[in-house]
Amino acid sequence: MRRMSVFPQHGTALETLGLTANEIRQEVENKTSELVSDLVNLSAGGRFQAIRSLPMSFNERKTIRNRVNSVKLSKTILSADCRQQVSRSFRRFRASLASARQHLVVWQDTLKEIGGRFGTSVLSYFLFLKWLLKFNLFSFLINFCFITIPQIVHAPNISSVTGFRGLELLTGVGYFNQTVLFYGGYNGEVIVSTPAYNMQLAYFFTIAAYLVLCGVSLIYSMSRSFQNNFVLETGPVSGGAWRLLCSWDFGVVNEKAIQYNKNNLGIQLKESLSERLQEKNKTSLSDRIKRLSLHLLAWLLSLGLALGSGAGIYFLGTDKLTFNFDNDPNDLKAEASTLLLPVVVSLINLIVPLLYSLISKMESYSNPRAQIYISIIRNVVLKMSLLGILCFYWLNFVPTKISCWESFVGQSVYRLLIIDFIFCLIGIFFGEFLRNVIGTMCIQSLGVPEFDIARNVLDLIYAQTLAWIGIYFSPLLPVMQVLKLFIIFYLKKISLSMNCQPPKHTGRAAQIQTVFIALLFFPSFVGTLSMVAFTVWSLRPSDQCGPFQGLDTPFYAIFNWIDSIQDPPKSKWVWWIFENVLRSELFYYLITLIILVITFFLWQITQGRKQLIKTLREQIVNEGKDKVFLLNKLQTIQKQRREMASYIPQDFDQTPHFNTNWMSTLPFEM
């Protein structure tokens, strides 16, 4: 590459040779053309570096660059630079699409605002709510497309229509009794089309596919979150150093929220130090017995409240408080009496957790995180026991008393969901708004209420469990859950901004969210799946309504379909798979064995990672000790050098001096 200027000045070697101005100009043009041709053949990066390294002025390099660009653009063949420009344009277009997609994400800016004002622990509640919203929206779309639309287009299964009176919005009966909102609004006819559309198979497989996808999504999310936040966290995460150096939430930008976080961090550091002091101070045997007695008494009281609540709901449900549609569908008093059971259930869910809070204060746990987890476990036991009693009542007593019992169960779940939503609104107003007014204006010692993450998330899990239970009996019930979650999101955001402060005692936000997902999977989803499976495999469907009327169990629709495709030769492989694979115990045994083997290998990989993390942490500790040893050694050497320097005389006089009292220096014992 030529490193000299192609624009010679006066007094150069060309003028000394006696060349004319035209000859000099021609020589310069030839050299410039050769330089441009050399630069054109280089890559974009090499050409940029070559032009930049030319020993020319800025204007000369700019002229060369322009000529190179003009030569490249004049070529008819698509060059490498043009391809790079096209690729760059596509990358920019893709980045703009990604940015636009982020703007289209629901609540993207709102979630950033919540995280910036109140931290990741409060943000985890809203992310969990958004996650549940996706579940219900997906459920609504597939149910509406594959079940509701074919039924509406074909022929709605409506035997009688009752006028709309308004109370149906709370009870779900009357006008909604035989609409497509509930099980009784569907029939099992085969829609004549090309190909034929079997409503029984569509109803069965749509709900089954949704539950399977929910289960897979929950297992995947739970395993990933558990691996990242529990399994690989082998070191201490609650010590003072971790809290001081790693627990600050840098996403918080609001000044008031920063002050809250400072105060909460100070409280957590004091609690951590007190816990360490308590660990060092060994408690006496009498104190330990007293503490265990308090814990045992608290658990007995908690379980007693849960069992008593479940027994009350059982006797209330079996006390002939059912609305029999066969007798008088226009009886408003009987219709309104169906709201008694969901109101009592919601009152129990509102009052008993407050009693649990009083019981936990009596226990006086030294570890706030342990207190949070125990409170979560007690509330989960309460809510799941109530739902278990209701499911037992629906599946054992209702089928023998109600002709279209599936619609009755769907309407019961609908009422529970609506009343729970009303009590949630009441809790936002009385539990947060009025509490804030009282704490800031009347009794200032109470202060601003905290946002109870655990209680709010458990309410979401309870509502989602109801939505999953009712999906078989009310395919469009996810619509109500979607609307409910939308309204709760904005009301909770407004209430959080106006009435609440971040909680003082929280665990790690990621670990708390893992616990929430685990609770949503078990016992919520597993219990729902068990109930739906028992209904499909064991209970006889109604003879007067629904898509499975006339069958022994809903699963017999699959047997009938398999028998119908056994004769055509092209469909024999489906019959063979069903008879020899799906109905074979050996197939499920092999599947279970494969899952266990894969689980074992994944567990071994996780154990290896834990051991590697432990070894690396030990190495870090050893390197820290080595650095401390070297620093101490360096300080010792520096100290010795300073001591040696203090004994060196500053001025040395070589002139001899005679001591006149030299006789006094001699020992007299000689």
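Throughout, a residue's number is its position along its own chain's written sequence, starting from 1. For this predicted model, a pLDDT threshold of at least 70 governs which residues receive local features, and a threshold of 80 or more governs which side-chain atom pairs are given and counted, while totals over whole chains, interfaces and linings are taken from all residues. Remark: hydrogens and water are excluded; side-chain values derive from all non-hydrogen atoms of the structure.

Caption draft 1: Here's a closer look at the nonpolar core. Working definition of a nonpolar core: buried Ala, Val, Leu, Ile, Met, Phe, Trp, Tyr and Cys residues. They are joined through side-chain atoms within 4.5 Å. Using a 1.4 Å probe on the protein chains alone, a residue whose accessible area is under 20% of its type maximum counts as buried, one over 50% counts as exposed, and one in between counts as partly exposed. In this structure, Tyr125, Phe128, Trp394 and Tyr472 are the most contacted members of the largest nonpolar core, which totals 110 residues. Broken down by element, the residue count for this core peaks at 15 residues, all from helix α6 (residues 108-154). Should any heavy atoms of two residues lie within 4.5 Å, those residues are counted as being in contact. Discounting residues that sit within four places of it in the chain, Tyr472 has contacts with Tyr183, Tyr203, Ile207, Val532, Thr535, Val536, Phe548 and Pro554. Core analysis: the second largest hydrophobic core is formed by ten residues, Val36, Leu39, Ile64 and Val68 among them. Secondary structure follows DSSP: runs of H or I at least 4 residues long count as helices, runs of E at least 2 residues long count as strands, and numbering of each begins at the N terminus.

Caption draft 2: Just unusual backbone geometry, in detail. Note that the residue after Phe522, namely Pro523, is joined by a cis bond; omega there is 10 degrees. For Pro523, the location among the structural elements is in helix α19 (residues 509-538).

Caption draft 3: Examining helix α18 (residues 477-499) more closely. Given a helix with a known number of residues, its expected span is that number minus one, times 1.5 Å. With 23 residues, α18 extends 32 Å from end C-alpha to end C-alpha; this agrees with the ideal 33 Å at 1.5 Å per step. Every buried residue of α18 is accounted for by Leu477, Pro478, Gln481, Val482, Lys484, Leu485, Ile488, Phe489, Lys492, Ser495, Leu496 and Asn499. Buried-residue contacts for α18 involve α6, α16 (405-442) and α17 (453-469).

Caption draft 4: Examining the pattern of salt bridges more closely. Between Lys or Arg on one side and Asp or Glu on the other, a salt bridge is scored when a side-chain nitrogen of the former is within 4 Å of a carboxyl oxygen of the latter. Across all of its chains, the model carries nine salt bridges by this definition. For the salt bridge of Asp459 with Arg455, the shortest nitrogen-to-oxygen distance reads 4.0 Å. Within this pair, Asp459 and its partner Arg455 are both found in helix α17, separated by four residues, close to a single helical turn. Note on Arg455: relative accessible area 36%, which makes it partly exposed. Note that Arg540 and Asp543 form a salt bridge whose closest N and O atoms lie 3.8 Å from each other. Take Arg540: its relative accessible area is 43%, and that puts it in the partly exposed class. Overlapping salt bridges bring together Lys383, Asp452, Arg455 and Asp459 as one network.

Caption draft 5: Structural context of a positive patch on the surface. Here a patch means residues that are over 30% exposed by relative accessible area and free of salt bridges, tied together within 9 Å if like-charged and within 5 Å if nonpolar (Val, Leu, Ile, Met, Phe, Trp, Tyr). Each accessible area value is a Shrake-Rupley result obtained with a 1.4 Å probe; residue values ignore everything except the protein chains displayed when judging cover. Only four residue types enter the charge count, namely Lys and Arg as positive and Asp and Glu as negative; His and the chain termini do not. Charge positions are represented by NZ for Lys, CZ for Arg, CG for Asp and CD for Glu. Taken together, the side chains of Arg88, Arg91, Arg92 and Arg94 present a region of like positive charge at the surface. Take Arg88: it is sitting in helix α5 (residues 80-104).

Caption draft 6: Spotlight on the state of the cysteines. A pair of sulfur atoms, both from cysteines and within 2.5 Å, is called a disulfide here. Across all of its chains, the model carries one disulfide by this definition. A sulfur-sulfur separation of 1.8 Å characterises the disulfide bridge that pairs Cys404 with Cys545. An S-S torsion of about 100 degrees defines the bridge between Cys404 and Cys545 as right-handed. Of this pair, Cys404 sits in the loop between α15 (398-401) and α16 while Cys545 sits in the loop between α19 and α20 (556-564), placing them 141 residues apart in sequence. Cys545 carries the same exposure label as Cys404, and that label is buried.

Caption draft 7: Summary view of the packing of α20 against helix α21 (residues 572-582). At a closest axis distance of 9 Å, the pairing of α20 and α21 adopts a crossing angle of 135 degrees. On the basis of their axis angle, the class for α20 and α21 is oblique. The interaxial crossing formed by α20 with α21 has left-handed handedness. Between α20, through Ile558, Phe559, Trp561 and Ile562, and α21, the contact on the second element is made entirely by Val574, Trp575, Phe578 and Glu579. Lines fitted to C-alpha atoms define the axes, with helix axes restricted to the stretch in contact, and inter-axis angles between N-to-C directions lie between 0 and 180 degrees. By the definition adopted for this analysis, an angle is roughly parallel if under 35 degrees, roughly antiparallel if over 145, roughly perpendicular if from 65 to 115, and oblique otherwise. What makes a crossing left-handed is the near helix being turned counterclockwise from the far one by less than a right angle; a clockwise turn instead makes it right-handed.

Caption draft 8: Structural view of the side chain of Asn499. Relative to the helices and strands, Asn499 resides in helix α18. There is a polar contact of 3.4 Å between the side chain of Asn499 and the side chain of Asn436. Beyond its immediate sequence surroundings of up to four residues, Asn499 is in contact with Glu432, Phe433, Asn436, Val448 and Pro449. As used in this structure description, the phrase polar contact means that two N or O atoms lie within 3.5 Å; if the pair is within protein, one of them must be able to donate a hydrogen and the other to accept it, and residues adjacent in sequence are counted only when both atoms belong to side chains.

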